[in-house]
Amino acid sequence: MDPLEPTDDLLESLYVVNKVAKQLADEATAAYDRGDITESNRCSARKEALYLTKTAVLNRVVAYDPTRVVGEYHAINGDPWLHLTVDGWHFHQPPRAIGGELTDRIRVKNTESTPRNAPYVRDPTVARSDRSLERALRHLAGHGINANDHLPTSTISGTNDRLVDVRWPFLRGR
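Conventions adopted
Residues numbered from 1 in each chain as written. Predicted model: local features only at pLDDT ≥ 70, side-chain atom pairs only at ≥ 80, totals over all residues. Heavy atoms only, no water. Helix = DSSP H or I, 4+ residues; strand = E, 2+ residues; numbered from the N terminus. Rg over C-alpha atoms; globule rule 2.2 N^0.38 Å. Buried < 20%, exposed > 50% of the residue type's maximum accessible area, 1.4 Å probe, protein only. Contact = heavy atoms within 4.5 Å. Areas by Shrake-Rupley, 256 points an atom, 1.4 Å probe, with all protein chains shown as cover. Lys, Arg positive; Asp, Glu negative; His and termini not counted. Charge placed at Lys NZ, Arg CZ, Asp CG, Glu CD. Salt bridge = Lys/Arg side-chain N within 4 Å of Asp/Glu carboxyl O. pLDDT = per-residue confidence, 0-100. Axes fitted to C-alpha atoms, helices over the stretch in contact; angles between N-to-C directions. Parallel < 35°, antiparallel > 145°, perpendicular 65-115°, else oblique. Left-handed = near helix turned anticlockwise from the far one by under 90°. Nonpolar A, V, L, I, M, F, W, Y, C, P; charged D, E, K, R; others polar. Polar contact = N/O pair within 3.5 Å; in protein donor to acceptor, adjacent residues only side chain to side chain.

### Points about the overall build of the protein chain
When you go through the protein chain residue by residue, the secondary structure sums to 5 helices and 7 strands. When the helices and strands of the protein chain are placed in sequence order, the string is α-α-β-β-β-α-α-β-β-α-β-β. Its C-alpha atoms give the protein chain a radius of gyration of 17 Å, within 12% of the compact-globule value 16 Å for 174 residues. Each of the three principal axes of the protein chain carries a C-alpha extent, and together these read 50 × 35 × 30 Å. By residue count, 47% of the 174 residues in the protein chain fall in the buried class. When contacts within the protein chain are restricted to residue pairs at least 6 apart in sequence, those whose partners lie at least 24 apart make up 69%. When the accessible surface of the protein chain is totalled, it reaches about 9200 Å², and 47% of it is carbon and sulfur. Side-chain charges of the protein chain comprise 23 positive and 24 negative groups, with the mean position of each set lying 2 Å from the other.

### A look at the pattern of salt bridges
Between side chains of opposite charge, a pair can form as their charged atoms come close. Taken as a whole and assessed by the stated rule, the structure comprises 9 salt bridges. Where Glu 134 meets Arg 138, a salt bridge forms, and the shortest distance between an N and an O atom there is 2.9 Å. With Glu 134 and Arg 138 both in helix H5 (residues 133-141) and 4 residues apart, this pair spans about one turn of that helix. According to the relative accessible area criterion, Glu 134 is partly exposed, its value standing at 35%. Among the salt bridges present, the one from Asp 165 reaches Arg 172, with a minimum N-O distance of 2.9 Å. One network of salt bridges, in which partners are shared, links Asp 9, Glu 12 and Arg 131.

### Digging into the environment of Phe 91
Here Phe 91 is to be found in strand S3 (residues 89-93). A relative accessible area of 1% means that Phe 91 is categorised as buried. Separated by 36 residues in sequence, Phe 91 and Thr 55 have C-alpha atoms that sit 9.9 Å apart.

### Some points on the confidence of the model for the protein chain
Looking at the protein chain, pLDDT values average 91 and 94% of them are 70 or higher. Mean pLDDT values over the elements of the protein chain span from 78, in helix H4 (residues 100-103), up to 98, in H5.

### With respect to the packing of helix H1 (residues 8-33) against helix H2 (residues 37-64)
Axis separation between H1 and H2 bottoms out at 8 Å; the angle between their running directions is 155 degrees. In terms of orientation, H1 and H2 fall into the roughly antiparallel class. Considering only the axes of H1 and H2, their crossing is left-handed. In terms of residue class, the contact of H1 with H2 is built from 17 nonpolar, 3 polar and 6 charged.

### Section: the environment of Arg 167
Relative to the assigned elements, Arg 167 resides in the segment after strand S7 (163-165). When the C-alpha atoms of Arg 167 and Arg 46 are compared, they prove to be 7.8 Å apart, with 121 residues separating the residues in sequence. Excluding residues that lie within four positions of it along the chain, Arg 167 makes contacts with Arg 46, Asn 148, Leu 151, Ser 154 and Arg 172. Within the structure, the side chain of Arg 167 is placed 2.6 Å from the side chain of Asp 165, a separation counted as a polar contact.

### Quick look at the side chain of Gln 93
Note that Gln 93 resides in strand S3. Within the structure, the side chain of Gln 93 is placed 3.4 Å from the side chain of Lys 54, a separation counted as a polar contact. Ignoring any residue separated from it by four or fewer positions in sequence, one finds Gln 93 in contact with Lys 54, Thr 55, Leu 58, Trp 81, Leu 82, Leu 84 and Ile 98.

Structure below.
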């Protein structure tokens, strides 16, 4: 794994990816509830790809300089999550996503068995960036992290078994 310096530009792109992943989770649920299975599947596939992209970036940031990453275990809906702070930017990750070797390199304020009770409330109105998802994903792709590579599949089955391409077109061929 190539280490990746956590510049403000990189962390802002990561923030946007994380924010859009959360929005896609809500959109997938809403589409499913209204019976639009094609849209629900498209949103779900892209959401998963963005979360995997986030994990790939965070792993490379920790590999670059673990002293710039501070962690704290939070109990969210009864499950332990690792709240990571990198140069003032905040991200939640399941501890297993980063892996033991890298997690062991992070300065963590508490233990997984003594998490801070921090109910997770997602507020879609809070925005720290006006960067577009396209700009954020292009920036990450420039560092060798292409969100299309993290899609579980490039196509999903839509209405009447029609195949729908879920890749981001501007990342194809990168």
